[in-house]
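Notes for the structure review
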Amino acid sequence: MTPKVPACRMSVLAGAIRRAVSEVPKAIKRAVAKVPKIRKIARSARAAHSGKFLAVDVTTIPKVQLIRLMRSDAPEDAPGLRRMVAESRRKPAK
Amino acid sequence: MTDYALSALSNEHDISAFACGEESLDRWLSNEALAAQRSWASRTHVWTDSGAPEVLAYFTILPTTVVPAGLSKRQIGGGRGSIPGYLLAKLALHERLRGRTPRLGPGLLADALEMIGTAADAAGGRLIVVDTLNDRAHAFYRRADFKPIPDTRRLVMRMSTARAALQA
C-alpha cells in the first residue's frame, strides 16, 4: 500500500522507516531531536514498525538524500558572529 | 542594525571621498560598483549618514555557486555538484569610521548577512562565501565564525548558521 504523502516526503519517510526498523527507538529519538520537521513522519515510522502503518515498499523509493539534507541544515554554533551581531545592535557613537 | 541609513548604491550617492585604506576597494566603488549594479552583476549597498549623500561604508553581494572541493559534508549538504550561495564580494568601512566604540565593522557585516538572508528567502542559497584580500580581513571573518577552505583565502558560512546568529 502506498501512503498518500507528497513525493518529496517519500524519501524522508523511507529513511525514517529504514532507521526505525533497524534501530528503534534510538533512530527515532535522534531524528525527532535533530529534525523537528520530520517529527510527524518519524512518528509514522514508529507506527510502521509497530504494524499500525502499512509498510511502504522502500526498495522502490530513491535515495534518502533529502533527509540528509534536512539533517545537515541544522545551524552550527557561531558565538563569534552572535557577539558581532550583539555588538552591532548597540548604539553606535557617531 | 546601526543608525546609519542602508540603501542600494545609486547616482545620488557621493562616492568621491570614500577611502577605506584598501585601494582596490576604493577603486571598485568609484569605478565599477555602479556599472555592475546596472548590469545586474551584483548589488552594492551603502551606509550614509541620514540625509547626507556621502558613502561611509558599503558591501557588494551577488549570487554564486561554490564547488564542493574543500568543503565539509555539512557544508555540501547532501547535494550533488555546485552548491548555490552568495558571494560577499566587498565589504569596506570609511577610514573615518574606524576605531569607534562599538566597532562598526560587525554592524556592516550583520547588515550584509541580513541582506543575503533576504535574498535567500526569495531565491535559496546554502552558503555565504568571502574571498579575503589580506590577513586582517581573514581574521575578521574567522572571528565571525566563517570557516576557511584549506589552501585558499576563501571562507564560508552556511546560511542556516548565519540566520540563527542573526535571529538570536
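This one's a predicted model, so the numbers in the text were calculated from it and none came from an experiment.

**Re unusual backbone geometry**
Residues and elements named next belong to chain B. Of note in this structure, Trp-40 is not a glycine but carries a positive phi near 60°. By the secondary structure assignment, Trp-40 is in the loop between helix 1 (23-38) and strand 2 (43-48). Relative accessible area serves as the criterion here: at 69%, Trp-40 is assigned to the exposed category. Residues other than glycine seldom take positive phi values, yet Asp-151 does so here, at roughly 65°.

**With respect to the confidence of the model for chain A**
Detail in the predicted coordinates should be disregarded across regions flagged by low pLDDT. Residues and elements named next belong to chain A. Of the residues in chain A, 18% reach a pLDDT of 70 or more, and the chain-wide mean stands at 53. Averaged over each element, pLDDT in chain A is lowest for helix 2 (residues 26-34) (45) and highest for helix 5 (residues 79-88) (90). Contacts from residues 1-8, a stretch scored under 50 in pLDDT, to residues over four places away or in other chains number eleven contacts.

**Looking at helix 5 of chain A**
Structurally, the α-helix is built with 3.6 residues per turn, so residues lying three or four positions apart point the same way. All buried positions along helix 5 of chain A are accounted for by Gly-80, Leu-81, Met-84, Val-85, Glu-87 and Ser-88 of chain A. Here the buried residues of helix 5 of chain A occupy an arc of 160° about the axis, which is enough to place them on one side. Summarising the contacts, the buried residues of helix 5 of chain A are in contact with helix 3 (105-123), helix 4 (135-143), strand 7 (154-158) and helix 5 (159-167) of chain B.

**Notes on the packing of aromatic side chains**
All names here are of chain B. For the coordinates displayed, the defined rule picks out four aromatic pairs over all chains. Centroid distance Tyr-4 to Trp-47: 5.3 Å. Interplanar angle 20°. Geometry classified as stacked. With Tyr-4 in the segment before strand 1 (5-8) and Trp-47 in strand 2, the pair connects residues that are 43 residues apart, well separated along the chain. Here Tyr-4 and Trp-47 have matching classes, each one buried. Between Tyr-141 and Phe-146, the ring centres sit 5.4 Å apart and the planes meet at 75°, which makes this aromatic pair edge-to-face. Assessed through its relative accessible area of 7%, Tyr-141 is described here as buried. Among the aromatic residues, ring-to-ring pairing joins Phe-140, Tyr-141 and Phe-146 into one connected group.

**Considering the pairing of strand 7 of chain B**
Residue and element names in this part refer to chain B. Most of strand 7 sits inside the fold, with four of its five residues counted as buried. In this structure, strand 5 (residues 127-131) lies alongside strand 7, joined through five bridges in antiparallel fashion. Residue pairing in the sheet places Val-130 in a bridge with Leu-155 of strand 7. Here strand 6 (residues 147-148) pairs with strand 7 via two bridges, running antiparallel.

The rules we used
Residues numbered from 1 in each chain as written. Chains lettered and ligands numbered in written order. Predicted model: local features only at pLDDT ≥ 70, side-chain atom pairs only at ≥ 80, totals over all residues. Heavy atoms only, no water. Helix = DSSP H or I, 4+ residues; strand = E, 2+ residues; numbered from the N terminus. Buried < 20%, exposed > 50% of the residue type's maximum accessible area, 1.4 Å probe, protein only. pLDDT = per-residue confidence, 0-100. Contact = heavy atoms within 4.5 Å. Arc of directions from axis to C-beta. Phe/Tyr/Trp six-rings, centres within 6.5 Å; stacked < 30°, edge-to-face > 60°. Pairing = 2+ DSSP bridges.

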